[in-house]
Each structure stands twice: as C-alpha cells, then as structure tokens.
Amino acid sequence: MATGTSGNRLRRLAIPTLVVALITGSTGVAGTASAAPAGSPGSGAGYFTAGADRKVTLTDGADRRPGGKRAATPKAAVDGTGAGMYVVELAEDPLTTYTGGVSGLARTRPAAGNRLDVTSTPSQAYRRHLDAQRAAVAAAAGIKVNAVYTTAFNGFSAKLTAQQATTLRADKRVRAVTASRALGTPTPPPTTAPATAAPATPPATASGDTDRSAATGLAGRPAKPGPGTGAGMVIGVLDTGIWPESASFAKNMPAPATWRGTCQTGVAFVAEHCNGKIVGARYFADTWLAGGGSVPEGEVLSPRDMAGHGTHTASTAAGLPLSHVTIDGRRFGPVSGVAPDAQIAVYKVLWGGMGFDADIIAGIDAAVADGVQVLNFSIGSDLGDWEANTPIGVAFLNASLAGVFVAASAGNTGIVSGAISNAAPWVTTVGAAVTRLDEATAKLGDGTKLVGGSLDTLPGGGARPLVFGEQAGSPDLGAVYCEPGSLDSAKIKGKVVACALSDLFGSAAEIKAKGGAAMVVFDPIGNYRINSIFNFPVVYLPTEKQAGTLFNYLMRHPTDATVSLRTGGDGSSVPGIPSVADFSSTGPDKVTLGVFKPDLVAPGSNIIAAVSPAGNFGRQYDAYSGTSMASPYVAGAAAILRATHPDWSPGAVASALRTTATDTVGTSSPLDQGSGFINLPRATDPGLVIEPTAAELIKFSETAEPDGKELNLPAISLREYDGTRPVTLTRTLTNVGKARETYRSSVSGLPGMKVTVSPASVTLAPGKSATVTITLRRGSAPWDRYVTGSITWRGKAHSARIPVAARPWGIAARPYADDGEEFARMTNGAFGMVQPGFTGPLAARSTGYTPMQRKSYSMPAGVYGGVFDPSATGVKTVDFTVPANTAGIVVEANTADPNTNLDLYLYKGDTLIYSSDRFWTSAEQAYKFLPEPGRYTAYVFAQFPGGPVVDFELGHAIIGRNAKYSGATLTLPSTTQRGQGFNFTLKPNKPLAEGDFWAYTEYSTNGTVVPGNLVYTQQSSWE
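Residues numbered from 1 in each chain as written. Predicted model: local features only at pLDDT ≥ 70, side-chain atom pairs only at ≥ 80, totals over all residues. Heavy atoms only, no water.

Participant: Just checking my understanding: could you explain the overall build of the chain for this structure?
Facilitator: Along its length, the chain carries 14 helices and 54 strands. Contacts in the chain between residues far apart in sequence, at least 24 positions, make up 74% of those at least 6 positions apart. Per element, the accessible surface of the chain, about 35,100 Å² overall, is 52% carbon and sulfur. (Helix = DSSP H or I, 4+ residues; strand = E, 2+ residues; numbered from the N terminus. Contact = heavy atoms within 4.5 Å. Areas by Shrake-Rupley, 256 points an atom, 1.4 Å probe, with all protein chains shown as cover.)

Written out as structure tokens, the structure is:
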C-alpha cells in the first residue's frame, strides 16, 4: 500500500491489475448520482458512493470496443474436489539441462556460448528416453497426457482426479504436481467482423492536419548511435498473437541457419504470413480447451492477434522503422522497434486475455526448441508472485541455462508495494518509466490550473462553458460518469463536460455523439497517470487532489463554470523525465528476502506501436501504457547485446543492462527503479559483469524457501536481516572489456549503514574474474525501514553500479515493502505481541500512558457524497505541532450521528501522511510512527453529512519517545529468539481517568536499542 493510504481504501481504483490486458480493472467508485443541485448541502443520494465495482478502461485496448462484452474468465483449473488440470514435472532433466548420467545417453545441455540443437543425435535419443519415462509414469497412474514438455521443462499437463494427483506425487519419478493456474486479464470480444487474411492498409503516408511527432512517447524509437540492430537474432513473444499485415512486420527475410521453428496455420493465418520478419508462429490452447473452456467470442484458433497486446509488444521489441504513423488521421511521428533487424517468433498463449500456465509452458518449451535467443513475457499475476519456483519459473530457468535471455513485466499494481510479477532471479523483471510528458492544462474560471495528460488535439483558445456530467443528464443512467446514453445533448452541446472516471472511451464517445466540445476526466479517489488516444479532445486529471479541486469548483459554479484547455503543462504531472511510472509495480519481491525486484525500468508510458485493428477501433497503431510495454524494450535491447556479444550468457546480458543503468528522476530507490533506467549504449560496453553461476541458480530453484542474497547478482537485498549482527556477502566481478583495468569501489547512500568492500580495488585482465567480500553493518539506520544506496566499481574507462537495499527486522517481520505504514506497530496493552528479528537478552522500557486529547467541533455541511478538497465546505482543519523525538502521533475522528460518514486525512505541509476513509463507519484513525518534527494538519471531511451542520469529535495523542507519563508496568520475557513471537502486557500502575490512553515501548538487547510499539488502553466509567 502506498504512502499516505490506509488499509481501508476499498474505494480505490483497481487499475492495471495485470500485465497482459494492461489497463483494465474496477473502481470502487459506484452508486447513483446526486439529484440535489450543486450547493444544496445534505440533499440528494450522493455523487460518489462506495459499493459495486465499476468498469474502467484506460490505455491498452482491453476494454475499448464499444458494446463489447467482457470475455468469461475460464473455469478454475482444479475444482473443490481436487480434480482438474495439473502440470506434472518429472524428476529427470529436460534437454536444456541434461548433463549426462543415463547409460548410453550423451549430454544435451549446450556448453557455455553454444546453442541447444534439438535435432542432434544426442537430443533425439534423450527425447526418446524422456518420452518412454513419461509414458511409464502416466500408465502407472492411469492417466491420459494432454500437453508434453521435453525441452525447457520435462513433464506434461493432464486432467487428474485428486487420487491421481496423490499417486503421482508419491512416484519417485515425479518432481512436482501443481494445479494449473490462469494468468492474465479477460478482455471483451471485438465488435467488428473476424479478421481475414487480407492485408490491412499500412499507414504509409501522412494525413490529417495535426502533427504530434514532437510530443509522442515512443518506447520503440530507434536506438542511439552505437548499438546494433539485432540482426540475426530471434525474439520469441509469448502473448496474444500477432497481426501479420502490419507495416511493422512487412519485410521478407531469410530464416537464420539455426532456426528450427514452424509456421502453424489456422483461422485467418496462412503460411505466407511467416515472411521471415515473422520467422515462426504457433498457438497453444490444449489446456484451455481440455479444461472445459472454449475459444472466447471474437478470438480465432490461430496465431492471429485479435486484441492488440501481442502485436504491440512484438513491434516494440523488433518492429521495422517507419518514417511516421497516423492514428485517426493524425501524424504521430516515426516509430521503430528497439532491435529493428531482429526477427520475431510468435507464441500465442492467451485467449481473450487469459491463459493457463500449462499452455504457457508449452509455448516456452517450443520457443527454446525452435531456437529463439530472447523471450519476452508481458504477462503477470494479479498482485504479483506468491511463491518461488513455479512451473513457469522453472521453465524460464531452463531456458536461461540453455542461453535464452528472458525479459518479463514487473506488473502494473504500483499502489500495492511488493506486488511484483515474474520475480525469479534468472528473469530480467522490468518496470515502466515515463519518458514523455504528454501534458495538458485545464485552466478553470477562477484561474486555477490543473495539469493532467492528453494525447489528443485540444480546442485551445479562450474559456469555454464547463458542465458537470451529473448536471447534464440522467443520474440513474450514470451521468456522473458520462456513461453512454446518460447525457442530454441540449445541455452539453458546445460545452466541455467534466466526468468522473469510468469507461473513458465510452464516455468520450457519448460526449462526442451529443455535440460536446471536449471532456475533462477526474477520479474522486485518485488513479495512475496514463493517456489514451480518443480522437476527441480529452484531458485526464489523475490525482485525488485534482478531483477535489475540480469537483468543488463545479459545486461553487453550477451555472457559470468555465475552462480553457491547452496542450502542454509545467511538468508537474511527473517528478521529471525519465521517472518511474506510478502504476509500475514496486519492490521488494515478497517471495524471497534476498532478491529485490524490479531489475530495471524502461519506457512504458504512452508507447505507440503496432496493434491489431480488430481490437482497436480499426487502428493499425495505438498508444498503450504498462510494464507490458517496458519489457519488450528490454527484450529488444537484449537482442542487440546478444548480436554484439554472441559469447555472452543471459546472465552477462542482464548484468550489463543493470550495472550501466542510470537513476530516474524523483527516486533513486531500487525498490522503485531497480538498478535504474536502461542505458543501451553503455550496456554494450559495461566493463564488468556480475552473474550467478548455473549451479547457484539450480540450487535456488530446488530450495523450498530460497533466500537469494548469496546469488552472484548485480544487486544486494537484505530484507529482514538481523540488525544486531554484520552481514557478509561476496560478489564475483568479471572483466568483459578489451583491456586490463583497475576498478576501485565506493559506496553511496545507505544512511546509517557501515559498508566495507574488500579488497577495495581489483585489477583484472580481459576475461579474468575476482571475488570481493562485502560486509554490511547496521549503525544508526532505522529499524523496520529500508535504507537504500549503491556500490560502484569505477575504472578508467568503465564503471559498474549495483543497488543495495537493507531493512533490519526489529519487532515484526513485514511481508512486503516499506510504504510508510508501520506493520504491527499498534497494539493493545492488555495483550501486546512482538515477533523480534534478533536473538539474545531482552530488556524494555515504557513511557507510561498519556491521554488522548479530545475536542468537539461543528462545521457546516458540504456537498453530500462529494470529493475531498482541503478548502471545500464540509472540511474542518486542525493543526498539531509535533516536537522532535516523538514516538508517534495518533489522530482519531468520530461522530455520534449515524447518518454522517467522516473521512480523515493527516498531512505534513502538502504531503499526505495517512488517509482513513472507511465508508462503513466514521470511526477514522490516522497515525505516524516516529514522525518527523514539524506542523501537521488533520482534515476531517464529511463526505456524507447527516444534516446541514456536522457535529463530531477529534482526538489526538502525541507520544514523546523519552517522555514520562502515568506509570505502567511492562511485563515480558528476559530473552528472545529471532522469529519467535512473545506476548507482553503494559498495565497502568494505578487507575487511569476515563478515556483513551497511549504509550510507547522500547526494547534493547546487548546495548542495541530497538523501537517498540505504540500501545493503547481504554478506561471506561464502569471500571
């Protein structure tokens, strides 16, 4: 959960949940619009109420087709009885990793720098052996095999009963039996007729009168001079298929000599579609169909892309250079894949935006057998990975060990810290960066400027009438969201219409059809910054603060609101360029402690590339946003590095990309940016590489709960380390340059940490390696919070930087990230609980209890069901001064009126510290542990006032870290063991007055002080 939010934000928009069907999700912003006129406090049903989900569509074509119905999610692979589709991994190695040992069967795993040849005599012989073993295992369990894997994964998929799954797990020839899982996000079918094989018209000439080439964000723009073009490389794309008629793929090319793949024909896909640029194409749906599913409406059983996602990722990685593209008659400048001379192999594994891991593994298995050098996987899981070493992860490991570089999307759930997809250490996990502003400014009639985003042509000129959608149509039909059919043309003709966020494309079409001049979209609960092309003037204001400003302006000006719209802004919509996109999933990896993700970030916002016309209003090109777009950028970069350095392993390529990356603007934290923003020209000559050995990775993959900090990765993650002891690690540096060079180490960042590197400098000849020892000690660094920084080795001609993130475990192991909320910090003095991260003697102290100061307030009601804005009516402001050395501040709001719903916001200056907006109660609480000193402001917002005047109570407690309050006795054990929780009590020494009280506890072990809890007790009048 991001800083400034509470765990109760159920009204939060669930925007891009998945990597694949990029920006599709639900909002909790729902309900009917208010019937009350603006400025009539306390009347109406409320503009924004929590409850049922609402569809929202933003940028990737997933929900963009008017009238389209969402594809049904496939049935769960395994039902409640344990019967269903499973992935079975057999104990013997697949072709990629078999090193010998079976009598009469030679090694098939390729030597370092060589390629797997599945047609060789040893490979064919070993495959026959695997076939025989698989048949024997299946016969013993009495099952019928569905899909077969032998290259990057040894096993099969099958429909099993619970008893058959149990039987297989007991078979020593079986390594694992895993219920098959669905990945992706369901997408609606197209409303156009199914595609045919007829070529689409390429956007070869300019048309229209608007040129936006200077403002277009293009991930696939040509690389800077220096890097190659990826010639001779094949990039495999696991996705929704491809639209072969696109101009981005219109080149006949010979297949590489090592290519073993095929062109699988099917509905609307013929052999001629594999023209060499598209060197191969296959589709995988065995498990989808065997599990009881059917091809979703609008899909076709072939490699053809009916959605657009796969075409977009393929063209971003390796699309041909085009002088310009047009979208809806407007010029958007040149586009090019990152590796324009690389070839594309298509593996369609998603159907209606969804796919089973069993089919995805079949795609990986085929890709490695076919001879790809790079794989792109822009597919993820909602809220990230939940376990290490999944079947897909194992398949990617084996692919990597066979020399295939794997790029994968980190996920688009930036609001939830630690929700990283594809977090295996052998996968390069890519976050998204904003590389173009694409800003627009809405200037309200009172002079307020709101800077949002737009990719459309805006009307410009002077002020125009502005009307709120809810006041210009039928509330029952969703006019507050400008839903199709909800607006009155007489009330919006020639006006700019303000709409709450729901179905952006549907809303824009409604306003356009009814004669509106433009649309300004706002989100009452805040959302991510992304843009789409609507072919209509649209300005998107993503933040909750902007929504509050606009909404309350509309309430103050129900009949005379005006706005002027212009392209461009002041840069305030992002921290800078490049910066980490706010939707990009952030670290750490919640599965393993010693691996943090993402690995790096690449362009992923407003990326224009080829798409499928069938799923994108007939467009040949479109703008998508997401880590799905960033991953193929890295895949293209990897293809260039593989072509430039054919002897480099996937680990060396990954290291080169990471150690040469540069900081983004606004953050240098590796939890956000990984190693930083990709710098391909530097990566072609990195000087040093740091890569794990095959043995290290295999051991990691075979460990039930791996850590990963011991892996020779170009990064260091110390999550939940014992802060009372030093941590010692090693890293091996290899000179991949052309000359002998001396590298000297230096440390930056990591405040409060003591870091030593021994030896401090190393001198390496080309091809030689040296191992250095890195010792990290906690000094004054805070407990239970991350500190971040880096270690850099600088030579005369090169430098290599690795990021470091460390968080000492104090009193509670937190499962995910360091987002500002103090996990397990608040507790009750009658039954407190602590789970320490250290072992040793235990001592503790307490401040005793201080009362919460409460005061009654009244304020006039604002708009019923409105949007929070600090300056609006219906908001009470209360300031607090927090002195230095404060343990915590706790603020609470409450009302006795059951018809009033309050929200509570705690700010420090303009920075939101905590928000509490439970919609089911007005008992709101905001807090901050170990706050910075200064002036804090609590805003109490009556979102649903029960009458014209709102009466409420506000309480606060500021607990000094070294203060002495009413005495209390702290009872706890005298020793503690890391990871073993213990109970404590903090009981007042004498009866306290009626009310609520707070205290602070602090622990120590062998002289090391560890901050404890904010402890609560309540004394009632009858006690």
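Participant: Looking at this structure, I do not really get the environment of F396. What am I missing?
Facilitator: Here F396 is to be found in helix α6 (residues 391-401). Sequence separation between F396 and D365 is 31 residues, and the spatial gap between their C-alpha atoms is 9.1 Å. Those residues within four positions of F396 in sequence are excluded, and the remaining contacts are L238, I364, L375, F377, V406, W426 and V427.

Participant: For this particular structure, what's the right way to read the side chain of H312?
Facilitator: With respect to the helices and strands, the residue H312 is situated in helix α4 (residues 309-318). Polar contacts involving the side chain of H312 include one to the main-chain carbonyl oxygen of I607, which spans 2.9 Å. Apart from residues no more than four positions distant in its own chain, H312 is found in contact with I607, I608, A609, A610, V611, D622, Y624 and M629. (Polar contact = N/O pair within 3.5 Å; in protein donor to acceptor, adjacent residues only side chain to side chain.)

Participant: So what exactly am I meant to see when it comes to the packing of aromatic side chains here?
Facilitator: What describes a pair of aromatic rings is the distance from one ring centre to the other and the angle between the planes of the rings. Summed over all chains, the structure comprises 23 aromatic pairs. For the ring pair W783 and F838, a centre distance of 6.5 Å and an interplane angle of 65° mean the geometry is edge-to-face. Of this pair, W783 sits in the loop between β34 (769-778) and β35 (787-794) while F838 sits in the loop between β38 (832-834) and β39 (840-841), and the two are 55 residues apart along the sequence. Residue class for W783 comes out buried when judged on its relative accessible area of 6%. (Phe/Tyr/Trp six-rings, centres within 6.5 Å; stacked < 30°, edge-to-face > 60°. Buried < 20%, exposed > 50% of the residue type's maximum accessible area, 1.4 Å probe, protein only.)

Participant: Would you explain the pattern of salt bridges in this entry?
Facilitator: Evaluation of the coordinates by the stated rule reveals 27 salt bridges. For R725, the salt bridge is made with D722, and the minimal N-O distance between the two is 3.1 Å. For R725, a relative accessible area of 47% puts it in the partly exposed group. Classification of D722 by relative accessible area gives buried; the value is 12%. We note a salt bridge from E1002 to R845, for which the minimum N-O separation is 3.1 Å. One end of the pair, E1002, is in strand β53 (residues 995-1005); the other, R845, is in strand β40 (residues 843-846), with 157 residues separating them in the sequence. When its relative accessible area of 29% is taken as the criterion, R845 is described as partly exposed. A network of salt bridges, in which partner residues are shared, links R854, E892, E953 and D996. (Salt bridge = Lys/Arg side-chain N within 4 Å of Asp/Glu carboxyl O.)

Participant: So what exactly am I meant to see when it comes to the sheet that holds strand β42 (residues 853-860) here?
Facilitator: Strand pairing in a sheet is mediated by backbone hydrogen bonds. Such pairs are either parallel or antiparallel. Taken in spatial order, the 4 strands make up an open sheet running β42-β49-β44-β47, and their pairing is antiparallel. Each having just a single partner strand, β42 and β47 (924-929) make up the two edges of the open sheet. The sheet shows a mean angle of 20° between the axes of neighbouring strands, direction not considered. Pairing between strand β44 (residues 886-894) and strand β49 (residues 949-960): 8 bridges, direction antiparallel. Paired with E892 across the bridge in β49 is G955. (Pairing = 2+ DSSP bridges. Axes fitted to C-alpha atoms, helices over the stretch in contact; angles between N-to-C directions.)

Participant: Even after reading the chapter, I still don't get the state of the cysteines, so can you show me in this structure?
Facilitator: By definition, a disulfide links the sulfur atoms of two cysteines through a covalent bond. The tally for this structure, following the rule as stated, stands at 2 disulfides. Between C482 and C499 runs a disulfide, and the two sulfur atoms are separated by 2.0 Å. Residues C482 and C499 share a disulfide whose torsion about the S-S bond is about -85°; that sign makes it left-handed. Placement of C482 in the loop between β19 (464-468) and α7 (489-492) and of C499 in strand β20 (residues 496-500) is noted, with a sequence separation of 17 residues between them. Each bonded cysteine of the chain gets a number by its place in the sequence, and the pairs then read 1-2, 3-4. (Disulfide = S-S within 2.5 Å.)

Participant: Please explain the pairing of strand β46 (residues 911-916) as it appears in this structure.
Facilitator: For a regular strand, side-chain orientation follows a simple rule: the groups alternate between the two sheet faces. By the bridge criterion, 5 bridges tie strand β45 (residues 901-908) to β46 in an arrangement that is antiparallel. Residue pairing across strands places K908 opposite T911, the latter belonging to β46. Once β45 ends, the chain turns through 2 residues before running back antiparallel as β46, passing G909 with a positive phi of about 65°.

Participant: I would appreciate a short explanation of unusual backbone geometry in the present structure.
Facilitator: Among all residues except glycine, the phi angle is most often negative; among peptide bonds, the trans geometry is most common. Residue P598 is reached from K597 by a cis peptide bond, and omega for that bond is 0°. Positionally, P598 belongs in the loop between β24 (579-580) and β25 (600-603). S758 connects to P759 through a cis peptide bond whose omega is -5°. Relative to the elements of secondary structure, P759 occurs in the loop between β32 (753-758) and β33 (761-764). Even without a glycine there, the phi angle at N389 is positive, about 60°. Its location among the elements puts N389 in the loop between β14 (374-377) and α6. A positive phi is found at L750, a non-glycine position, where the angle reads about 55°. Take L750: its relative accessible area is 2%, and that puts it in the buried class.

Participant: I keep staring at helix α1 (residues 121-141) and nothing clicks. Help me out?
Facilitator: What sets the pattern is the α-helix's 3.6 residues per turn: residues three or four places apart point alike. With 21 residues, α1 should cover 30 Å at 1.5 Å per step; its first-to-last C-alpha distance of 31 Å lies within 8% of that length. Considered for burial, the residues of α1 that qualify are S123, Y126, H129, L130, R134, V137, A138 and A141. All buried residues of α1 fall inside an arc of 165° around its axis, so they share one side. Of the exposed residues in α1, those oriented more than 90 degrees away from the buried face are T121, R128 and A139. Against the buried residues of α1 lie β3 (84-90), β4 (145-149), β5 (155-160), α2 (162-169) and β6 (174-179). After α1 finishes, the residue G142 shows a positive phi value of roughly 70°. (Expected span 1.5 Å × (residues − 1). Arc of directions from axis to C-beta.)

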